[in-house]
Amino acid sequence: TGGIRKQRGRWLGMWWADGKRKSRVLGFVKDMTKSKAREEVAKIVAEENAKRQDAGRVWHFGDFVEQVFFPYYSRKWKASTRGSTMNRISIHLVADLKDRKLAGFKRDELQDLLNQKVEEEGLSFSTVDHLRWDLKQVFDMAISDGHIERNPAQLLFTPRDAPRAERRVMTIEEVRTCFSVLAQRERLVVKLAILAGMRPGEIFALTWGRLTTTYVDIRQRIYRGVIDSPKTSFSVRQAAVPEGLLREIEAWRAASPVIKDNAWVFPSERMTPMSKDNCWNRNIKPKLAKVGLAWANFLVMRRTHSTLMGELGIDGKLVAGQCGHTLDVSQNIYRQSPVASRL
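Residues take numbers from 1 onward in each chain, read along the sequence in its written order. Side-chain atom pairs in this predicted model are given and counted only at pLDDT of 80 or more, local residue features only at pLDDT of at least 70, and totals for whole chains, interfaces and linings cover all residues. To obtain the side-chain values, all non-hydrogen atoms of the structure were used and water was disregarded.

What follows concerns the nonpolar core. We define a nonpolar core as any set of buried Ala, Val, Leu, Ile, Met, Phe, Trp, Tyr and Cys residues linked to one another through side-chain atoms lying within 4.5 Å. Residue exposure (1.4 Å probe, protein chains only): buried if accessible area is under 20% of the type maximum, exposed if over 50%, otherwise partly exposed. Of all hydrophobic cores here, the largest spans 42 residues; its most connected members are Met170, Cys178, Leu192, Phe266, Ile284 and Met301. Helix and strand assignments follow DSSP, with helices taken as H or I runs no shorter than four residues and strands as E runs no shorter than two, numbered in order from the N terminus. Counting residues per element, the ones that place at least two in this core are helix 6 (172-181), helix 7 (184-194), strand 4 (215-218), helix 9 (243-255), helix 10 (276-290) and helix 11 (298-311). In terms of residue count, the dominant contributor to this core is helix 7 (six residues). In contact with Phe266, not counting residues within four places along its chain, are Arg185, Leu188, Val189, Leu192, Ile203, Phe204, Trp252, Thr272, Pro273 and Met274. The next biggest cluster of nonpolar side chains, apart from the first, holds 32 residues, and it includes Phe61, Phe69, Trp77 and Leu97. It only takes one pair of heavy atoms within 4.5 Å for two residues to be counted as in contact.

What follows is the structure, encoded as structure tokens:
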């Protein structure tokens, strides 16, 4: 069960593991009661005992993913990442491999599985590439926990013939057409995406107190109705507002019923944040479809921002900062190189 003792004003937890005496400082005596110190060392001993039990267990792929991999990694995944990643792994990996022993996998059979996902199931390059990374992470964790010695997914590659999605961007003329067919509110939403490079979750989570005369202070986003922190640490930023966009914001402020600092810039009828999907499907997509731009979704709009800023000669680092990306993602994924720009 472990034990405790005082040492230089600190609680020292002590226990035995593998025939050796181990110890750890639990906290200051002035900040921690004796009973709390006993609870902490009991947790440590319980973890050690669990490790010893797991060490002798023969793990199967499905059990390891669901009982070890998911519980650990879901602690750091955001809700959006957690949902898509767990769904992808469960459907495309666990369903096929759940009864296989972790120690029984060979590199070639895992590569055959990825090839099958392309040739028989028609999965995209992006999805299969994620599955390749998922397999590597699962087996890396199995190595870390001492269940296998080598990672059979270490050298896997994504099949070259996997279909790649076309990364379309809008031209200046298409952007102007897009702006011209939308009503005031929806036009401002789209301009924040195209001109300010904002994500839809950041746009619909905006409050008036976060809008200044020169920038948007992005500190939160909304995902499936839940207010959350931005997607990554790079996403917490101050996105510059062009002068023309600022005039649109002020016009919308004048037409808004509530403009307190904590009021939503784009409220629903119930004065909650407007749903991105409702706004898109009811008010934006139908109008864009009439002018042949139904394909220009929010991702296309942010990609358009990066591409057009690059064509205008704006430094890549500034564009990445505006969108909340790393420079690599901004330059190699979001910014596109239309043929016309290379002539």
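Structure shown, so let's carry the discussion forward.
Here the focus is the pattern of salt bridges. Any Lys or Arg side-chain nitrogen found within 4 Å of a carboxyl oxygen on Asp or Glu counts as a salt bridge. Enumeration according to the criterion identifies 23 salt bridges in this entry. Of the charged contacts, one joins Glu149 and Arg150 as a salt bridge, the two residues approaching to 3.9 Å between their closest N and O atoms. A salt bridge links Arg219 to Asp217; its shortest N-O distance comes to 3.1 Å. Its relative accessible area of 14% is what places Asp217 among the buried residues. A single network of salt bridges, built from pairs that share partners, joins Lys36, Glu39, Glu40 and Lys43.

All right, on to the packing of aromatic side chains then. Whether two aromatic rings pair depends on their centres lying within 6.5 Å, for rings of Phe, Tyr and Trp, where Trp uses its six-membered ring; planes under 30 degrees apart make the pair stacked, over 60 edge-to-face, and the rest tilted. Taken as a whole and assessed by the stated rule, the structure comprises 13 aromatic pairs. When the centroid spacing of 5.3 Å and the interplanar angle of 90 degrees are considered together, the rings of Tyr72 and Tyr73 count as edge-to-face. The exposure class assigned to Tyr72 is partly exposed, which follows from its relative accessible area of 46%. Taking the relative accessible area as the measure of exposure, Tyr73 reaches 14% and is therefore buried. Across from the ring centre of Phe105, 4.6 Å away, lies the NZ or CZ of Arg100, which sits over that ring. A ring has a charge above it when a Lys NZ or an Arg CZ is no more than 6 Å from the ring centre and no more than 35 degrees off the ring normal. One cation-aromatic arrangement involves Lys191 over Phe179; the distance from NZ or CZ to the ring centre is 5.0 Å.

A word on the sheet that holds strand 1 (residues 3-7). Adjacent strands of a sheet pair through backbone hydrogen bonds, lying either parallel or antiparallel. The strand order across the open sheet built from three strands is 1-2-3, with neighbouring strands paired in antiparallel fashion. Looking at the sheet topology across the chains shown, the edges are occupied by strand 1 and strand 3 (20-28). Taken pair by pair, the neighbouring strands of this sheet meet at an average axis angle of 30 degrees, ignoring direction. Both strand 2 (residues 10-17) and strand 3 contribute to a ladder of eight bridges, which runs antiparallel. Residue Trp11 lies in a different strand from strand 3, and its bridge partner there is Gly27. Strands were regarded as paired on the criterion that DSSP finds at least two bridges between them. Lines fitted to the C-alpha atoms define the axes, with helices restricted to the stretch that makes contact. Angles between their N-to-C directions range from 0 to 180 degrees.

In contact at an axis separation of 9 Å, helix 6 and helix 7 are set at 155 degrees when each is read in the N-to-C sense. As the angle between them shows, helix 6 and helix 7 are arranged roughly antiparallel. Our pair here, helix 6 against helix 7, has a crossing hand that is left-handed. Residues Val175, Cys178 and Phe179 of helix 6 form the contact with helix 7, whose participating residues are Arg187, Val190, Lys191 and Ile194. Here is the rule for angles: anything less than 35 degrees is roughly parallel, anything more than 145 is roughly antiparallel, 65 through 115 is roughly perpendicular, and the remaining ranges are oblique. In a left-handed crossing the near helix is turned counterclockwise from the far helix by less than a right angle, and in a right-handed crossing that turn is clockwise.

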